[in-house]
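Listed below are the residues making up each chain.
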Amino acid sequence: MAEKLKQREMELMDKEKRLTSELHACEEAQGRIRKMAKQLADKDEELNRQRQELQKRFDECDECEQQLSIWQNELDHTSEMLKQRETESTAAPGKVPSPNGTKLTVEVNNHEE
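Residues numbered from 1 in each chain as written. Predicted model: local features only at pLDDT ≥ 70, side-chain atom pairs only at ≥ 80, totals over all residues. Heavy atoms only, no water.

A. Main features of a nonpolar patch on the surface. The grouping of Leu68, Ile70 and Trp71 at the surface amounts to a nonpolar patch, some 320 Å² of accessible area in total. Within the fold, Trp71 resides in helix α1 (residues 2–91). (Patch = residues over 30% accessible without salt bridge, like charges linked within 9 Å, V, L, I, M, F, W, Y side chains within 5 Å. Areas by Shrake-Rupley, 256 points an atom, 1.4 Å probe, with all protein chains shown as cover. Salt bridge = Lys/Arg side-chain N within 4 Å of Asp/Glu carboxyl O. Helix = DSSP H or I, 4+ residues; strand = E, 2+ residues; numbered from the N terminus.)

Set out below in structure tokens:
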């Protein structure tokens, strides 16, 4: 009987050592998991910051494109007006378009002496 108790005690001690070892391994694994979770959270924060920065830059680019489009329209309009004035001045010599859009008539007299 004493021998059975001694054997049972040894089995329980072995089991306790094994369970302690497994518990220690689980705690280490949980520590690694917590560390990885922290790294992921930090990376997520960094990515969100970069995403916001990128969105800000996209918005700035959109604003620049809108301004360029406005300037292009103004340039096209000005170019068209200049072509129109050029056409009017070459089609009707002696008539010079005025800056405010009204036509001025200039008479040119060639006096031969």
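B. Here's a closer look at a negative patch on the surface. On the surface, a cluster of negative charge is contributed by Glu53, Asp59, Glu60, Asp62, Glu63 and Glu65. Among the secondary structure elements, Glu63 is positioned in helix α1. The class of Glu63 is exposed, set by a relative accessible area of 53%. (Lys, Arg positive; Asp, Glu negative; His and termini not counted. Charge placed at Lys NZ, Arg CZ, Asp CG, Glu CD. Buried < 20%, exposed > 50% of the residue type's maximum accessible area, 1.4 Å probe, protein only.)

C. Layout of the pattern of salt bridges. On inspection of all chains with the given rule, the structure shows three salt bridges. Arg8 is paired through a salt bridge with Glu11; the nearest N and O atoms lie 3.7 Å apart. A residue pair is termed a helical-turn pair when its members lie 3 or 4 positions apart in one helix, as Arg8 and Glu11 do in helix α1 at three residues. Classification of Glu11 as partly exposed rests on a relative accessible area of 39%. The partner of Arg49 in a salt bridge is Glu46, with the nearest N and O atoms 2.6 Å apart. In this pair, Arg49 and Glu46 both sit in helix α1, three residues apart, roughly one turn of the helix. Look at Arg49 and you get partly exposed, because its relative accessible area is 45%.

Purely geometric numbers; function is a separate question.
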